[in-house]
Amino acid sequence: MSLSSKHRRDRTARAATAAVTILMAGALGAAGAGTSNAGTPDAGTSNAGTAAPQTRQIASSVLGSDYKITLTALRSPEDDLAASVRLQVFTRGDGAWKESDRVTVGDVDGWFWYPLTGKGAVCDFATASTEPAPLTVSLLITPSIGCSDPVHYLVKEGRVYAD
């Protein structure tokens, strides 16, 4: 074998390896562009207008067979650090829970997402199986500030009223 044909084969092999590497990188890059971010801390966040905001249920209570009450944190579509809290009341009908009322606890985007969805976020969530059903909510503002003042509601005939 001549020296020039050995060099030609080495160059051809290196060129083929480089081409395969470039093709693989392109394919992996294209595949990565469509992968879900479900395992990342910001999973579920999106740009405004492209998808529903990230939500996390932070408390719930079932009062006999009459009411189910939930507190849900909704991450702001404009500010990743801000959140709102939705209080929902469900009544039982036709064998399923159906929403009968909802209110926003505090101001829209008036809470901080991370403390609200972290450990110790619910300072007080008290309900009672009476009619009307009293309801108290207090949530963590930040670990350094502490808990919000309690907010009192009444649930009467499936509707939420400020107390």
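Note that the structure is predicted; figures quoted are calculated from it, not measured.

Asker: Whenever I open this one, the state of the cysteines confuses me. Can you help?
Answerer: Think of a disulfide as a covalent bridge from one cysteine sulfur atom to another cysteine sulfur atom. Counting across every chain of the model gives 1 disulfide. The disulfide partner of Cys123 is Cys147, and the gap between their sulfur atoms is 2.0 Å. Because the sign of the S-S torsion sets the handedness, a value of about -85° for the bond joining Cys123 and Cys147 places this disulfide among the left-handed ones. In this pair, Cys123 is assigned in strand 6 (residues 122-127) and Cys147 in strand 8 (residues 146-147), connecting sequence segments 24 residues apart. A relative accessible area of 32% places Cys123 in the partly exposed class. Taking relative accessible area as the criterion, Cys147 reaches 41% and is therefore assigned partly exposed.

Asker: Quick question: what am I supposed to make of the side chain of Gln88 here?
Answerer: When you line up the elements, Gln88 lands in strand 3 (residues 82-93). Taking the relative accessible area as the measure of exposure, Gln88 reaches 8% and is therefore buried. There is a polar contact of 3.3 Å between the side chain of Gln88 and the side chain of Arg86. Side-chain polar atoms of Gln88 contact the side chain of Glu99, separated by 2.3 Å. Residues within four places of Gln88 in sequence aside, it is in contact with Lys68, Ile69, Thr70, Thr72, Glu99, Asp101 and Arg102.

Asker: How should I be thinking about the environment of Arg86 in this particular structure?
Answerer: With respect to the secondary-structure elements, Arg86 resides in strand 3. Residues Arg86 and Thr72, spaced 14 residues apart in sequence, show a C-alpha to C-alpha distance of 5.1 Å. Setting aside residues up to four positions removed in sequence, Arg86 forms contacts with Thr70, Leu71, Thr72, Leu74, Arg102 and Val103.

Asker: What am I meant to see in the nonpolar core here?
Answerer: Nonpolar side chains in soluble globular proteins tend to end up buried together. Core analysis: the largest hydrophobic core is formed by 23 residues, its most contacted members being Leu71, Leu87 and Val137. Sorting the residues of this core by element identifies strand 1 (55-63), strand 2 (67-75), strand 3, helix 2 (113-117), strand 7 (133-142) and strand 9 (151-156) as the ones contributing at least two each. Excluding its chain neighbours within four sequence positions, the residues that come into contact with Leu71 are Arg56, Gln57, Ile58, Ala59, Val85, Arg86, Leu87, Val105, Phe125, Val137 and Leu139.

Asker: Where do I start with the pairing of strand 10 (residues 159-162) in this structure?
Answerer: Residues in a regular strand point their side chains to alternate faces of the sheet. As paired strands, strand 9 and strand 10 are joined by 4 bridges and run antiparallel to one another. Across the sheet, Leu154 pairs through a bridge with Tyr161, a residue of strand 10. If you look at the hairpin formed by strand 9 and strand 10, you'll find 2 residues sitting between the two strands, and Glu157 has a positive phi there, around 50°.

Asker: So what exactly am I meant to see when it comes to the environment of Leu81 here?
Answerer: Positionally, Leu81 belongs in the loop between strand 2 and strand 3. Here the alpha-carbon distance between Leu81 and Trp111, two residues 30 residues apart in the chain, equals 8.4 Å. Look past the residues within four positions of Leu81 in its chain and what remains in contact with it is Trp111, Phe112, Trp113 and Tyr114.

Here is what the cut-offs are and how they apply
- Residues numbered from 1 in each chain as written.
- Predicted model: local features only at pLDDT ≥ 70, side-chain atom pairs only at ≥ 80, totals over all residues.
- Heavy atoms only, no water.
- Disulfide = S-S within 2.5 Å.
- Helix = DSSP H or I, 4+ residues; strand = E, 2+ residues; numbered from the N terminus.
- Buried < 20%, exposed > 50% of the residue type's maximum accessible area, 1.4 Å probe, protein only.
- Polar contact = N/O pair within 3.5 Å; in protein donor to acceptor, adjacent residues only side chain to side chain.
- Contact = heavy atoms within 4.5 Å.
- Core = buried A, V, L, I, M, F, W, Y, C linked by side-chain atoms within 4.5 Å.
- Pairing = 2+ DSSP bridges.

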